[in-house]
Amino acid sequence: MKCKVVINKDSGNCRRLDVKSLLQQLGLTAEIQEIDCNSSWNADGFDTVVVCGGDGTLNHALSQCGDKKLVYVPCGTLNETAGSTTEMNNVCTVNGTPFSYVCAAGSFTQIGYTATDKSKQRWKALAYLPQVVKNYRCCEIDAKINLDGKIFDGTYTLLMVLKSHRCFGFSFNKDFKNTGKPYLLCVKSVGKDGFFNRIKMFFPFFRIFFCGIKPAVTDRWMLMPFDELTVKLQQKQTFCMDGEKRELQGDLKFCTQKLKYPVRVVFPNKKATPQMSVASKCPQKNTTVVDFYDKI
């Protein structure tokens, strides 16, 4: 088994990572590559990749390592994906592009990619607070939605496809563990951005993110699980995809995709699970390594 460890040194909690201890914990010998948020990397020639970083780093790894055994070590600021699962058997995709937990456009979604790496390393989750104030504004996104054959046509201030019980640090999706499916969250637009409309917008956002919700369709918002979803945008929109900025337009087709190998979420300095304890020999260096996937 040939293994590569990729460490995003710009991730929020990367400085706390003890690489030597991590490799001992996993029982691995590996090639180590440090990257930053502007680096490109690949895993050509490797069977297993251990990726250390935040949700955006994992997002890149899902695209790079679809045919490889992937271990995710959360070292980001919020680590939303790791807060929802310890093993990923499938991912959500938009027009074939995978993401681990969220793809969203509209109000507040800019906070996922506008906070600087330097501020996140220094202030951790508090680095997002100035971005919340800065990006508090009403949006108008015209979209036609086909959710498992049900049609919705309207103007929204927030469109969010979520494969998690949480986002923005709020655990608000009270139904997620019941289905494991992705969910569509829509919040209807209150009109053009302005002081009074911002006040009106506050109430549905408070209801959703602070109080928590279950699947429902109301006159202000909708949360629904789905198998297949198509969102037809009238104009190009900027999306936050796992904390990364993406420009999307036209017909967006969302569905789940089964992974060839499940992605394991491993927190540093925690004991390995029984599935991670089966040792095998690495013929190249005659060292003991852990076979994470011997039961697949």
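Everything numeric in this text was worked out from a predicted model, so none of it was measured.

A. Representation of helix 7 (residues 195-211) within the structure. The terminal C-alpha atoms of helix 7 lie 24 Å apart, and with 17 residues this matches the ideal 24 Å at 1.5 Å per residue to within 8%. Residue Phe205 marks the point of greatest curvature in helix 7, where the axis turns by about 30°. Burial in helix 7 covers these residues: Asn197, Met201, Pro204, Phe205, Ile208 and Phe209. As for helix 7, its buried residues are in contact with strand 9 (150-162), strand 11 (170-171), strand 12 (183-188) and strand 14 (221-225). Looking at the residues trailing helix 7, positive phi occurs at Gly212, about 85°.

B. Structural context of the nonpolar core. By size, the foremost hydrophobic cluster in this structure holds 25 residues, and its most contacted members are Ile145, Leu159, Leu184, Leu229, Val231 and Phe254. For this core, the element with the highest residue contribution is strand 8 (residues 141-147), accounting for four residues. Once residues lying within four places of it in the same chain are set aside, the contact partners of Phe254 are Thr93, Val94, Phe99, Cys103, Val161, Phe226, Asp227, Glu228, Leu229 and Val231.

C. Molecular detail of the pairing of strand 3 (residues 48-53). Buried residues dominate strand 3, accounting for six of its six residues. Every second residue of strand 3 is oriented toward a common face, with Thr48, Val50 and Cys52 on one face and Val49, Val51 and Gly53 on the other, all of them buried. As paired strands, strand 1 (residues 3-8) and strand 3 are joined by five bridges and run parallel to one another. Opposite Val6, over in strand 3, you have Val51 as the bridge partner. When strand 3 meets strand 4 (residues 69-74), the two strands line up parallel, connected through six bridges. Its bridge partner lying in strand 4, Thr48 is registered against Lys69. After leaving strand 3, the chain enters helix 2 (residues 55-64) and then returns to the sheet as strand 4, a path that is right-handed.

D. View of the packing of aromatic side chains. As enumerated under the stated definition, the model contains 13 aromatic pairs in all. Taking the centre distance of 5.2 Å and the plane angle of 65° together, the rings of Phe108 and Phe205 count as edge-to-face. Of this pair, Phe108 sits in the loop between strand 7 (102-106) and helix 3 (111-114) while Phe205 sits in helix 7, and the two are 97 residues apart along the sequence. We classify Phe108 as buried; its relative accessible area is 10%. By relative accessible area, Phe205 is classed as buried at 6%. Consider the rings of Phe205 and Phe209, whose centres lie 5.9 Å apart with planes at 20°: the pair is stacked. Of this pair, Phe205 and Phe209 both sit in helix 7, four residues apart, which is roughly one turn of that helix. Aromatic rings pair up to connect Phe108, Tyr136, Phe168, Phe170, Phe172, Phe202, Phe203, Phe205, Phe206, Phe209 and Phe210 into one cluster. Between Lys2 and the ring centre of Phe46, over which it is positioned, the NZ or CZ distance is 5.1 Å. In this arrangement the basic side chain of Lys69 is found over the ring face of Tyr261, its NZ or CZ atom lying 5.6 Å from the centre.

Analysis parameters
Residues numbered from 1 in each chain as written. Predicted model: local features only at pLDDT ≥ 70, side-chain atom pairs only at ≥ 80, totals over all residues. Heavy atoms only, no water. Helix = DSSP H or I, 4+ residues; strand = E, 2+ residues; numbered from the N terminus. Expected span 1.5 Å × (residues − 1). Bend = angle between axes of the 7 residues up to and from the residue. Buried < 20%, exposed > 50% of the residue type's maximum accessible area, 1.4 Å probe, protein only. Contact = heavy atoms within 4.5 Å. Core = buried A, V, L, I, M, F, W, Y, C linked by side-chain atoms within 4.5 Å. Pairing = 2+ DSSP bridges. Right-handed = clockwise from strand over helix to strand, strands pointing away. Phe/Tyr/Trp six-rings, centres within 6.5 Å; stacked < 30°, edge-to-face > 60°. Lys NZ or Arg CZ within 6 Å of the ring centre and 35° of its normal.

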